[in-house]
Amino acid sequence: MATLSIIVPVYKTEPYLDQCVQSILCQTFTDFELLLIDDGSPDNCPAMCDAWAQRDKRVRVIHKENGGSWDAVQTGQKAAAGKYTGYVDSDDWVQPDYFEVLVHALETYDADIAACGWTWYAGGEKRGEKVYSDFRRWNREEIERDILQPFWEKDGNLFAAWSNGRWDKVWRTELMMRVLPQMDPKATMGEDAEQNLLYLPLCRSAVRLDAYAGYCCRVNAESMTRRFSEKTIAQNEDYLTALKKIAGEQNRGFAAYASLHDGLMTNMLWQVQEADMPLNEKMRLSRELTRKMLTPVQSTRQKYADLPLPLRVGLREIGNGKIGAGTVWMQLCLLLAHIKNGKI
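Residues numbered from 1 in each chain as written. Predicted model: local features only at pLDDT ≥ 70, side-chain atom pairs only at ≥ 80, totals over all residues. Heavy atoms only, no water.

A. Seen up close, the pairing of strand β4 (residues 84–87). Every second residue of β4 is oriented toward a common face, with Tyr 84 and Gly 86 on one face and Thr 85 and Tyr 87 on the other, all of them buried. Alignment of strand β1 (residues 4–10) against β4, held across four bridges, turns out to be parallel. By the bridge assignment, Ile 6 is partnered in β4 with Gly 86. The pairing of β4 with strand β9 (residues 169–172) spans three bridges and is classified as antiparallel. (Buried < 20%, exposed > 50% of the residue type's maximum accessible area, 1.4 Å probe, protein only. Helix = DSSP H or I, 4+ residues; strand = E, 2+ residues; numbered from the N terminus. Pairing = 2+ DSSP bridges.)

Set out below in structure tokens:
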């Protein structure tokens with residue numbers, strides 16, 4: 001049995017698949033199985049996967065009907081035989097020592113999960129890098145204090161000390177199999193964060209490596225465009241439903257969920273203001289989002305007292321049907337946020 005199972009969900013990534021697979025098969029750590037999960041890809045990817053399996057006995061291919069990326073990941077996880085599990089998206093690649101570094105960290109520190117930094121590319125050029133400045137090793141109590149509590153009580157993301165991703169880490173397969181039944185295979189947004197939120201409470205210890213960015217993300221031009229639609233709202237609502245379930249099961253309290261609800265809805269309002277769409281469509285979606293913000297959780301906490309004044313006024317105006325005035329206030333709030341974040 002291999003020490004490590006590497007799962008790669010494959011769908012319509014024909015131009016990048018060979019680079020992805022080659023980067024894995026050339027790893028300095030060799031005791032692994034590579035699971036290529038063909039998610040009903042309509043291009044040449046299925047044949048490319050089969051060709052790799054013919055060339056290297058460590059490669060296993062599973063062909064399935066299209067069910068989405070997370071469904072493909074779950075299919076691979078159920079077939080994984082390794083002690084540990086790693087993930088690589090099929091349009092990304094990894095540095096030659098990537099899995100050696102992470103598996104070594106797991107075994108050296110007897111950890112249940114190991115994470116590192118990453119680099120992202122667009123148009124063939126390096127666009128940025130996330131490298132942690134210090135090494136961290138957390139026990140169970142410290143995981144709760146430093147990683148999980150800030151997510152639920154502050155900003156709704158794990159990036160302060162950790163990350164929302166699944167691909168910048170190596171996980172213990174036994175624990176992942178306990179998480180798997182709790183997740184919806186049809187999830188299309190926030191599933192990586194859900195995986196972290198469900199997995200981390202099971203860990204005795206976790207490690208985060210410093211001065212190393214071994215995972216390489218490819219950000220394609222399409223994903224960089226400013227898009228927003230009704231589907232985006234529905235996906236976010238599904239994500240919120242999942243978070244509400246997790247909060248209840250982990251006894252986080254409804255106030256934690258309410259804070260995340262407001263934060264996510266506010267973030268969508270930012271996205272609408274910056275999206276490439278006509279002004280009347282921006283106003284319509286802004287009004288819809290505002291109504292969603294004002295209804296589900298407003299009775300459980302003080303209404304938006306901690307939001308910036310322009311945003312509060314904008315929400316009130318849009319909620320009262322004064323869409324034009326509300327949009328002006330929303331634009332002002334967006335401008336102030338850009339100034340604060342150094343974008344202007």
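Next comes the rest of the write-up.
B. Expanded view of helix α7 (residues 191–199). Burial of α7 is extensive: nine of the nine residues sit out of reach of the surface. Listed as buried for α7 are Glu 191, Asp 192, Ala 193, Glu 194, Gln 195, Asn 196, Leu 197, Leu 198 and Tyr 199.

C. Summary view of the environment of Glu 153. Summarising the element assignment, Glu 153 is placed in helix α5 (residues 140–155). Overall, Glu 153 belongs to the exposed group, its relative accessible area being 57%.

D. Molecular detail of the pattern of salt bridges. Taken as a whole, this structure holds 17 salt bridges when the rule is applied. Note that Arg 166 is salt-bridged to Asp 89, the shortest N-O span being 3.5 Å. Of the two residues, Arg 166 sits in the loop between α5 and β9 while Asp 89 sits in the loop between β4 and β5 (93–94), which places them 77 residues apart along the sequence. The class for Arg 166 is buried, based on a relative accessible area of 3%. According to the relative accessible area criterion, Asp 89 is partly exposed, its value standing at 21%. With its nearest N and O atoms 3.0 Å apart, the salt bridge here joins Lys 169 to Asp 168. Accessibility classification places Lys 169 together with Asp 168 in one group, the buried group. Connected through salt bridges with shared partners, the residues Asp 110, Asp 112, Arg 172 and Arg 204 form a single ionic network. (Salt bridge = Lys/Arg side-chain N within 4 Å of Asp/Glu carboxyl O.)

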